[in-house]
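Given next are the chains, with one letter for each unit.
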Amino acid sequence: MTTTTTTTPLAMQITSSTFSFPQVFKSSIATLDLKICALSKRHISSKQLLLSKRITSTPLRFGRMTTKAMSDSSVTKPLRGLPIDLRGKRAFIAGIADDNGYGWAIAKSLAAAGAEILVGTWVPALNIFETSLRRGKLDESRVLPDGSLMNISKVYPIDAVYDTPEDVPESVKSNRRYASVSKWTIKEVAESVREDFGSIDILVHSLANGPEHSMQVKKLLLETSRHGYLAAVSSSSYSFVSLLKHFVPLMKPGGATISLSTFASERVTLGYGGGMSSAKAALESDTKVLAFEAGRRHGIRVNTISAGSLRSRAAKAIGPIDEMID
């Protein structure tokens, strides 16, 4: 199996879910062999070709993959569970505001693999999130498989709707939730991370928002306003473009970035209105272009994953999320 810039095992490795892959590789290889035979100008049967080349095909088997973590005292021991070793790597996950979303699960999985964790939290949720961390309310959720707690090196305020301080309207600057916080635009956060840590190796985009999405099923795409549609694309799709623009200079060649999509980008999904399905479709399209551009220019991998239904805070806005999970 070959990998390209747009498809990398990391996209599957960084989640803490259980994977079960269908054993389709053997049949796929056989089909490929037959196609090769059909296209060949020589009159060689598929059986002869297989026998002459002594081709054997073994399906890849992935059992139940359980994330394991190593304590600080076990630096020299091999990591178990995830087939990656991220010790010495640093990850920035944008979009964590609680412990029940994909961003949190990804952070734990990366931490279990040995990575240092930095977090970007939406400004209005910053105080609650930091207070919960400080008071130990998230300690149970921070437990890694080896019994230690996931350590977050630093939490940065971020609002990915705004790229630079000049983009922020006066009404937002004067808002009490923003007035007490500084350096929270994407450019400023990237600069702060550079000042504090110098570089990162992994960038995770785990954020999305649509002002007319929260009205659930009633706000169909047909009823979505231009403002709501563009706002959804801005915060859910272009924010990934902007994050890469400002954070890729902090990343070394071979670094990896990933965003979160949903099957609503390809299928009609009840309740996923307000322009959000369009935003996710744009996100997936942008991923391909960004992989080409960032891959060639900086040697950075760009991927997106669609992990399925989860009863996170964001998913509850869809409405029938429990039915989708069932």
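I will try to describe carefully the structure that is included in this document. This structure is a prediction, so every number in the text was calculated from the model and none was measured.

Reading guide: rules and limits
- Residues numbered from 1 in each chain as written.
- Predicted model: local features only at pLDDT ≥ 70, side-chain atom pairs only at ≥ 80, totals over all residues.
- Heavy atoms only, no water.
- Salt bridge = Lys/Arg side-chain N within 4 Å of Asp/Glu carboxyl O.
- Buried < 20%, exposed > 50% of the residue type's maximum accessible area, 1.4 Å probe, protein only.
- Helix = DSSP H or I, 4+ residues; strand = E, 2+ residues; numbered from the N terminus.
- Pairing = 2+ DSSP bridges.
- Expected span 1.5 Å × (residues − 1).
- Bend = angle between axes of the 7 residues up to and from the residue.
- Contact = heavy atoms within 4.5 Å.
- Core = buried A, V, L, I, M, F, W, Y, C linked by side-chain atoms within 4.5 Å.

Going through the model one piece at a time under the given rule, you end up with four salt bridges. The residue Asp 85 makes a salt bridge to Arg 87 at a minimum N-O spacing of 2.5 Å. A residue is classified by how much of its surface remains accessible, and Asp 85, at 42% relative accessible area, is partly exposed. Residue classification places Arg 87 among the partly exposed residues on the basis of a relative accessible area of 30%. With its nearest N and O atoms 2.9 Å apart, the salt bridge here joins Lys 154 to Asp 196. Of this pair, Lys 154 sits in strand E3 (residues 152-158) while Asp 196 sits in helix H9 (residues 186-197), placing them 42 residues apart in sequence. Since its relative accessible area comes to 38%, Asp 196 is described here as partly exposed.

Next up on the list: the pairing of strand E2 (residues 116-122). Judged by how many residues are buried, E2 sits mostly within the fold: five of seven residues are covered. Pairing analysis gives five bridges linking strand E1 (residues 90-94) to E2, with the strands arranged parallel. Note that in E2 the partner of Arg 90 across the bridge is Glu 116. Sheet analysis places E2 next to E3, joined by six bridges and oriented parallel. Residue Gly 120 lies in a different strand from E3, and its bridge partner there is Tyr 156.

In this section: helix H10 (residues 226-247). With 22 residues, H10 ought to run about 32 Å at 1.5 Å a step, and its terminal C-alpha atoms sit 30 Å apart, in line with that. At Tyr 238, H10 is deflected by roughly 45 degrees, the largest bend along its length. The complete set of buried residues in H10 reads Gly 228, Ala 232, Ser 235, Ser 236, Ser 237, Ser 239, Phe 240, Ser 242, Leu 243, Leu 244, His 246 and Phe 247.

Another point: the environment of Leu 126. With respect to the secondary-structure elements, Leu 126 resides in helix H5 (residues 123-134). Residue Leu 126 is classed as buried on the basis of its relative accessible area, which comes to 8%. Each C-alpha atom of the pair Leu 126 and Tyr 178 lies 9.9 Å from the other, and the pair is 52 residues apart in sequence. Once residues within four sequence positions are removed from consideration, Leu 126 is found in contact with Thr 121, Val 155, Pro 157 and Val 181.

Turning to the nonpolar core, a few remarks are in order. It is characteristic of soluble globular proteins that their nonpolar side chains tend to be buried jointly. Counting 34 residues, the largest nonpolar core has Ile 93, Trp 104, Leu 110, Ile 117, Phe 129, Ile 152 and Trp 184 as its most contacted members. Considering every element that reaches this core, the biggest residue donor is helix H4 (residues 102-112), with five residues. Beyond its immediate chain neighbours, meaning those up to four positions away, Phe 129 contacts Ile 96, Ala 97, Asp 98, Trp 104, Val 119, Thr 121, Leu 138, Ile 152 and Val 155. Core analysis: the second largest hydrophobic core is formed by 26 residues, Ile 186, Ile 200, Phe 240 and Ala 291 among them.

Right, let's get into H4. Within H4, eight of the 11 residues are buried, which leaves the element mostly enclosed by the surrounding structure. Taken as a whole, H4 has its buried residues at Gly 103, Trp 104, Ile 106, Ala 107, Ser 109, Leu 110, Ala 111 and Ala 112. Just past H4, the residue Gly 114 takes up positive phi, approximately 110 degrees.

Geometric descriptors of this kind do not, in isolation, establish any biological role.
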